[in-house]
Amino acid sequence: MEKLEKYILLISFLTSFLTVFIVNGLTLAAPSFGSEFAMSNLVQNWVFAITLLFISAFTIPAGQICSKYGCKKSLVIGNSIFLIGLILSALSLSSEMFLFSRVIQGIGYAFQ
């Protein structure tokens, strides 16, 4: 196996692992961010649902972009968008900003 292929395999593995890790970690943190932003249970459920909604909405366009420009570029785009969403969620000052950051993360998930 070439050196480049090993790096691509490692990056793909880390991306897959960290995505699942972050999603499950958010489930454990739901009571914390719910009390921090004074969210009701309904709004807390939207934190998870809005991400899944945008993943499902952007999966087909992301697949077409991947087939047109290549999987490497698609993975880089997805990781970049996801990273922007993570930074926005860490810097969120309100529940609306937090939900918006989850939208950005959902779009990034679709490209990964």
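Right above here is the structure, for reference.
Since we're looking at a predicted model, the values are computed, not measured.

Caption draft 1: Spatial organisation of the overall build of the protein chain. Helices and strands together make up the secondary structure of the protein chain, namely four helices and zero strands. With the principal axes as the frame, the protein chain shows a C-alpha extent of 50 × 25 × 20 Å. Within the span of the protein chain, comprising 112 residues, buried residues form 31% of the whole. Counting contacts in the protein chain only where the partners sit at least 6 residues apart, residues at least 24 apart contribute 64% of the total. Put simply, the protein chain shows about 7400 Å² of open surface, and 73% of that area lies on carbon and sulfur atoms.

Caption draft 2: Main features of the side chain of Arg102. Along the polypeptide, Arg102 turns up in helix α4 (residues 95-111). Filtering out sequence-adjacent residues up to four positions away, Arg102 remains in contact with Leu26, Val47, Ile50, Thr51 and Tyr109.

Caption draft 3: How the structure looks around helix α1 (residues 3-36). Its 34 residues place the ends of α1 46 Å apart at the C-alpha level, agreeing with the 50 Å of an ideal helix rising 1.5 Å per residue. Of all the bends in α1, the greatest reaches close to 60 degrees and is centred on Ala29; the proline Pro31 follows between one and four positions later. In the core, the buried residues of α1 are packed alongside α2 (41-69), α3 (71-90) and α4. The first or second residue beyond α1 is Ala38, which carries a positive phi of 55 degrees.

Caption draft 4: Main features of the packing of aromatic side chains. Considering all chains together, one arrives at four aromatic pairs under this definition. Seen from their ring centres, Phe33 and Phe98 are 5.0 Å apart, and the 40 degrees between their planes marks the pair as tilted. You can see Phe33 sitting in helix α1 and its partner Phe98 sitting in helix α4, a full 65 residues away along the chain. Between Phe54 and Phe58, the ring centres sit 6.1 Å apart and the planes meet at 15 degrees, which makes this aromatic pair stacked. Here Phe58 and Phe54 lie together in helix α2, a separation of four residues that amounts to about one turn. One aromatic cluster is present, built from ring pairs that chain together Phe33, Phe37 and Phe98.

Caption draft 5: Fine view of a nonpolar patch on the surface. A cluster of nonpolar residues, Tyr7, Leu10, Ile11, Phe13, Leu14, Phe17, Leu18 and Phe21, forms a patch on the protein surface that exposes about 830 Å² of accessible area. Mapped onto the fold, Phe17 is located in helix α1. Owing to a relative accessible area of 46%, Phe17 belongs among the partly exposed residues under this scheme.

Caption draft 6: Representation of the environment of Phe48 within the structure. Take Phe48: it is sitting in helix α2. The class for Phe48 is partly exposed, based on a relative accessible area of 25%. Each residue touching Phe48, except ones within four places of it in the same chain, is listed here: Leu26, Thr27, Ala30 and Phe33.

Caption draft 7: Spatial organisation of α3. With 20 residues, α3 should cover 28 Å at 1.5 Å per step; its first-to-last C-alpha distance of 28 Å lies within 8% of that length. Packing partners of the buried residues in α3 comprise α1, α2 and α4.

Thresholds, definitions, all that
Residues numbered from 1 in each chain as written. Predicted model: local features only at pLDDT ≥ 70, side-chain atom pairs only at ≥ 80, totals over all residues. Heavy atoms only, no water. Helix = DSSP H or I, 4+ residues; strand = E, 2+ residues; numbered from the N terminus. Buried < 20%, exposed > 50% of the residue type's maximum accessible area, 1.4 Å probe, protein only. Contact = heavy atoms within 4.5 Å. Areas by Shrake-Rupley, 256 points an atom, 1.4 Å probe, with all protein chains shown as cover. Expected span 1.5 Å × (residues − 1). Bend = angle between axes of the 7 residues up to and from the residue. Phe/Tyr/Trp six-rings, centres within 6.5 Å; stacked < 30°, edge-to-face > 60°. Patch = residues over 30% accessible without salt bridge, like charges linked within 9 Å, V, L, I, M, F, W, Y side chains within 5 Å. Salt bridge = Lys/Arg side-chain N within 4 Å of Asp/Glu carboxyl O.

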